[in-house]
Amino acid sequence: MSESQQPVLSRTLRVVDYGSTIRTESQRQPSFVLIDSPRKFIKMSHSPNETQDRLQRLEYFLNVLNQICIGFVTIYMSYLTLRTGLAGTSLHAWLVTIGFSFFMAEGVMIHYGGNVLTNGYKRQTKTTIHWVLLTLGGCCGASGALIKMIQKGFMLQSTHGKLGMTAFVLCILSMSSGLAALFSARMKKLIAPLLNKTFHNFLGFACFAIALVTQYYGYQTGYFKARSETDFQILMKCLTLTSLVLSSYGPVKALYQKCRNISQQF
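Residues numbered from 1 in each chain as written. Predicted model: local features only at pLDDT ≥ 70, side-chain atom pairs only at ≥ 80, totals over all residues. Heavy atoms only, no water.

How would you sum up the overall build of the chain? Please name residues and give values.
Along the chain, the regular secondary structure elements total seven helices and zero strands. The burial tally for the chain puts 35% of its 266 residues in the buried class. In the chain, 69% of the contacts between residues at least 6 apart in sequence involve partners at least 24 apart. (Helix = DSSP H or I, 4+ residues; strand = E, 2+ residues; numbered from the N terminus. Buried < 20%, exposed > 50% of the residue type's maximum accessible area, 1.4 Å probe, protein only. Contact = heavy atoms within 4.5 Å.)

Put into structure tokens, the structure is as follows:
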């Protein structure tokens, strides 16, 4: 250290000590950054992919819950009717349950992306399973309804009976429109395939919804009341309505999309 320059002490002079003890002719001045506003913290939002994954998990969970409801209703009604013998009202109750509450419920959900049972299948495979299940469901359900209508002489006065006859008619129409939708490519000169399939989807969903509402009122009939406790009747009603709501999400979503496509093309 040279004798002409003395060490600089930060406590005696109003300079900023940067670690040097040598006083230079041009002293370094500290620089400051002015902050106009206080620091703000912004909450990070979830990415679209993460939100979509959560919605997909929710759909899978609801679909599993729906499968449980469908299975419970089908198994219990089969047990209730098979133990007393399949004849008369027992045969009617078993056929409509197997046809509408099981086969048709599974059939309308085949193309639904949240279906855990068929999500990995190809579209052609889903279409084949769809028409097989709905054919079985339509035949069983219509046969069960026809048995009861013949027993009553087609004189149905109760809410359950009137809804059942409506479901029977819609079932026949839905199966006929399904046959037309299956060969929609060959019938495109008569009717556009989009209109053909949309009409079939509407009839099929209407038939399924009315059939399950009919099943709901069926738990209030004397046949079911004589064989089940009141609490169990309420349980079966809740399970049937839950199955109706959860099973309808996929068909309603597909029907809405088709209606949007129709409004854009026509």
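Next comes the rest of the account.
Tell me what's going on with a nonpolar patch on the surface, and back it up with residues and numbers.
A cluster of nonpolar side chains, contributed by W131, V132, L136, L179, L182 and F183, occupies part of the molecular surface with about 530 Å² of accessible area. Residue assignment for the nonpolar patch shows that the elements contributing at least two residues are α3 (123-151) and α4 (159-182). Looking at the nonpolar patch, the element that brings in the most residues is α3, giving three residues. With respect to the helices, strands and loops of the structure, W131 is situated in helix α3. Residue W131 is classed as partly exposed on the basis of its relative accessible area of 41%. (Patch = residues over 30% accessible without salt bridge, like charges linked within 9 Å, V, L, I, M, F, W, Y side chains within 5 Å. Areas by Shrake-Rupley, 256 points an atom, 1.4 Å probe, with all protein chains shown as cover. Salt bridge = Lys/Arg side-chain N within 4 Å of Asp/Glu carboxyl O.)

Could you give an account of the environment of Y112, with specific residues and numbers?
Structurally, Y112 is set in the loop between α2 (89-108) and α3. Residue class for Y112 comes out buried when judged on its relative accessible area of 11%. Sequence-wise, Y112 and S248 are 136 residues apart; in three dimensions their C-alpha atoms are separated by 10.0 Å. The contact partners of Y112, leaving out residues within four places of it in the chain, are E59, N63, Y249 and G250.

Can you explain the packing of aromatic side chains? Please cite residues and give values.
One pass over the full model with this rule turns up eight aromatic pairs. The interplanar angle of 75 degrees and the centroid separation of 6.5 Å between the aromatic rings of Y76 and F224 together place this pair among those described as edge-to-face. Taken together, the residues Y76 in helix α1 (residues 48-82) and F224 in helix α6 (residues 222-225) connect sequence positions 148 residues apart. Exposure remark for F224: the relative accessible area of 2% places this residue in the buried category. Between Y216 and Y217, the ring centres sit 5.5 Å apart and the planes meet at 90 degrees, which makes this aromatic pair edge-to-face. Looking at Y216, the relative accessible area reads 22%, which means it is partly exposed. Within the aromatic cluster, the residues linked to one another by ring pairs are F72, Y76, Y79, Y219, F224 and F232. (Phe/Tyr/Trp six-rings, centres within 6.5 Å; stacked < 30°, edge-to-face > 60°.)

Explain α4 to me, and be specific about the residues and the numbers.
With 24 residues, α4 should cover 34 Å at 1.5 Å per step; its first-to-last C-alpha distance of 34 Å lies within 8% of that length. Among the residues making up α4, those that are buried are G161, G164, A167, F168, L170, C171, S174, S177, G178, A180 and A181. Buried residues along α4 sit in contact with α2, α3 and α5 (193-218). (Expected span 1.5 Å × (residues − 1).)

Can you tell me about the packing of α4 against α5, naming the residues and giving the values?
Remark: α4 packs on α5, axes separated minimally by 8 Å, with the N-to-C direction vectors making an angle of 155 degrees. Viewed along their axes, α4 and α5 adopt a mutual orientation that is roughly antiparallel. In this structure, α4 crosses over α5, and the sense of that crossing is left-handed. (Axes fitted to C-alpha atoms, helices over the stretch in contact; angles between N-to-C directions. Parallel < 35°, antiparallel > 145°, perpendicular 65-115°, else oblique. Left-handed = near helix turned anticlockwise from the far one by under 90°.)

Which residues make up the environment of L62, and what values go with them?
Turning to its location among the elements, L62 is positioned in helix α1. Through-space distance from the C-alpha of L62 to that of V116 is 10.0 Å; in sequence the pair is 54 residues apart.

Talk me through the pattern of salt bridges; I want residue IDs and the actual numbers.
Any two side chains of opposite charge can pair, so long as their charged atoms come close to each other. Counted under the stated rule, the structure contains one salt bridge. Close ionic contact of E50 with R54 constitutes a salt bridge, the shortest N to O distance being 3.3 Å. One end of the pair, E50, and the other, R54, are both in helix α1, four residues apart, so they sit about a helical turn from each other. Since its relative accessible area comes to 32%, E50 is described here as partly exposed.

Can you break down the packing of α3 against α4 residue by residue, with the values?
At a minimum axis separation of 9 Å, α3 and α4 run at an interaxial angle of 150 degrees. Considering the angle they form, α3 stands roughly antiparallel to α4. Note on packing geometry: the crossing formed by α3 with α4 is left-handed. On the side of α3, the interface is formed by W131, T135, G138, C139, A142, A145, L146 and M149, while α4 contributes G164, M165, F168, C171, I172, M175 and L182. Per-class residue counts for the contact of α3 with α4 are twelve nonpolar, three polar and no charged. (Nonpolar A, V, L, I, M, F, W, Y, C, P; charged D, E, K, R; others polar.)

Which residues make up the nonpolar core, and what values go with them?
What tends to happen in soluble globular proteins is that the nonpolar side chains get buried as a cluster. F100, M104, V108, C207 and F208 are the most contacted members of the largest nonpolar core, which has 24 residues in total. Looking at this core, the elements that each hand over two or more residues are α2, α3, α4 and α5. Of all the elements, α5 adds the most residues to this core, at seven residues. For F100, the contacting residues outside a window of four places in its chain are A105, G141, A142, C171, C207, F208, A211 and L212. Listed in part, the eleven residues of the second largest apolar core include C69, V73, Y76 and F224. (Core = buried A, V, L, I, M, F, W, Y, C linked by side-chain atoms within 4.5 Å.)

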